[in-house]
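One-letter residues, chain by chain:
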Amino acid sequence: MTLQALVIGIGSGDPDHLTREAVEALNRVEVFLVADKGAAKHDLVKLREDLCRALITHDHYRFVEVPDPERGPDRERDATEYQGGVAAWHEARARRYAEIIAAEVDDAGTIGFLVWGDPAFYDSTIRIVKSIRELGVDLDLTVIPGISSIQLLAARHQIVLNRVGQPIHVTTGRRLLDEYSAALGDVVVMLDGELACSGLVEQFDDLMIYWGAQLGLDDEVLISGRLGEVIEKIRVSRAAVRESRGWVMDTYLLRQYRE
Ligand SMILES: C[S@@+](CC[C@H](N)C(=O)[O-])C[C@H]1O[C@@H](n2cnc3c(N)ncnc32)[C@H](O)[C@@H]1O
């Protein structure tokens, strides 16, 4: 028999942000496999559990935490080492999931992976489920989209992410300084723990930033303005959220200022 694997985009913790399709999928899952990323991320596991309590209409489901394998020191790696490190980590993670599935789930059961935001953006769950299948687990994969933090960022700031007919470049804080040029058009930055955009202030004094942290959560913060004028305010807000909650997730759009 074939195992059903549902990868479900759950937005950022607000039950109103799940589609009906996602809610219906949540209700089909028997076992949710959740990566255990240590103490700092327990809050996120709790948010996911709260969502399930709010949206699942029965009680025959359970959570199984899968301890995450150690991931090496990304910051000290160059791009090739970084890719290699991530690939090895994915493989270790897939093996761990396959072991847990064999131990915990019936062949014909339905497992669920709750993906923060949308599975299409900077999330390895789809790749990992495919790797689990390559390890010999007989499974059918279904992906249900969710509202990404990028969409929430645009909605909260009441903006369109691109200029009319122009491209949007989506990248990471790690890549921003090497990649940035005015020719890219509007740039969305994710996974930036250091506010890499502060390194652009001197060279690009016409940049605007639309920044949001904890989008969709109670402690959501939004700041926008000329990058050079608001970067310190963003830094202070970011540190305050981290201090009070123990973690912070933020994303932003960089756009050249035009009268
Ligand atoms: C591993 S990626 C996952 C992105 C997710 N799949 C999505 O669609 O939003 C994590 C990054 O997404 C962004 N992010 C996720 N949730 C966020 C939130 N609630 N508010 C602001 N940024 C968020 C941050 O840039 C964070 O570093």
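This is a predicted model, so every value here is computed, not measured.

Right, let's talk about the sheet that holds strand S8 (residues 207-213) for a bit. Read from one edge to the other, the open sheet built from five strands follows the order S6-S7-S10-S8-S9, with strand pairing classed as mixed. A strand with exactly one partner marks an edge of an open sheet, and here the two such strands are strand S6 (168-172) and strand S9 (221-226). Sheet twist, expressed as the average angle between the axes of neighbouring strands with direction ignored, equals 15°. By the bridge criterion, three bridges tie strand S7 (residues 186-190) to strand S10 (residues 250-256) in an arrangement that is antiparallel. Within the sheet, the bridge partner assigned to Val189 lies in S10 and is Tyr252.

The full set close to the ligand counts 20 residues, and Gly117, Ser148, Ser149, Met190 and Leu215 are the nearest of them. For the shell around the ligand, the secondary-structure elements that each account for two or more residues are S8 and S10. Residues belonging to the shell around the ligand are distributed by class as follows: nine nonpolar, eight polar and three charged. A domain-level breakdown of the shell around the ligand finds at least three residues from each of domain 1 (3-144) and domain 2 (149-256).

Glancing now at the nonpolar core. Counting residues in hydrophobic clusters, the biggest one holds 27 residues, and the most contacted among them are Leu6, Val7, Ile8, Ile10, Ala22, Phe113 and Val115. Those elements that provide at least two residues to this core are strand S1 (3-9), helix H1 (20-28), strand S2 (31-36), helix H3 (79-104), strand S4 (110-115) and helix H4 (125-134). If you tally residues by element for this core, the top one is S1, at five residues. Those residues in contact with Ala22 that sit more than four places away from it in its chain are Ile8, Gly9, Ile10, Ile144 and Gly146. Counting residues in each nonpolar core, the second largest holds 21 residues, with Cys197, Ile209, Tyr210 and Trp211 among its members.

Let us look at the domain arrangement of the chain. Segmentation of the chain into domains returns domain 1 (3-144) and domain 2 (149-256). Computed from C-alpha coordinates alone, the two centres of domain 1 and domain 2 are separated by 27 Å. Contacts between the two partners involve 10 residues from domain 1, matched on the other side by 11 residues from domain 2. By residue class, the composition of the side of domain 1 that touches domain 2 is three nonpolar, five polar and two charged.

Looking only at H4, the buried set comprises Thr125, Ile128, Val129 and Ile132. Relative to the axis of H4, the buried residues are bounded by an arc of 100° and lie together on one face. Positioned one or two residues after H4, Gly136 has a phi angle of 105°, which is positive.

Attention now moves to the pairing of S4. Taking burial as the measure, the six residues of S4 include five buried ones, the bulk of the element. Two strands pair when backbone bridges link them, and S1 and S4 are joined in this way by six bridges, in the parallel orientation. Within S4, the residue paired with Ile8 across the bridge is Leu114.

Once that is clear, we can look at unusual backbone geometry. Unlike most non-glycine residues, Gln158 shows phi in positive territory, near 55°. By secondary structure assignment, the location of Gln158 is in the loop between helix H5 (149-157) and S6. Classification of Gln158 by C-beta neighbours within 10 Å gives exposed; the count is 7. Positive phi, close to 50°, is recorded for Gln214, a residue that is not glycine. Looking at where Gln214 falls in the secondary structure, it is placed in the loop between S8 and S9. When the 20 C-beta atoms within 10 Å are taken as the criterion, Gln214 is described as buried.

Moving on: the environment of Trp116. Within the secondary structure, Trp116 is located in the loop between S4 and H4. The sequence separation of Trp116 and Asp206 amounts to 90 residues, and the corresponding C-alpha distance is 33 Å. If we ignore the near neighbours within four places in the chain, the residues touching Trp116 are Ile10 and Ser12.

Cut-off values and rules
- Residues numbered from 1 in each chain as written.
- Predicted model: local features only at pLDDT ≥ 70, side-chain atom pairs only at ≥ 80, totals over all residues.
- Pairing = 2+ DSSP bridges.
- Helix = DSSP H or I, 4+ residues; strand = E, 2+ residues; numbered from the N terminus.
- Axes fitted to C-alpha atoms, helices over the stretch in contact; angles between N-to-C directions.
- Near = placed C-beta within 6 Å.
- Nonpolar A, V, L, I, M, F, W, Y, C, P; charged D, E, K, R; others polar.
- Domains from an automatic or database assignment.
- Core = buried A, V, L, I, M, F, W, Y, C linked by C-beta atoms within 7 Å.
- Buried ≥ 20, exposed ≤ 12 C-beta atoms within 10 Å, placed from the backbone.
- Contact = placed C-beta atoms within 7 Å.
- Arc of directions from axis to C-beta.

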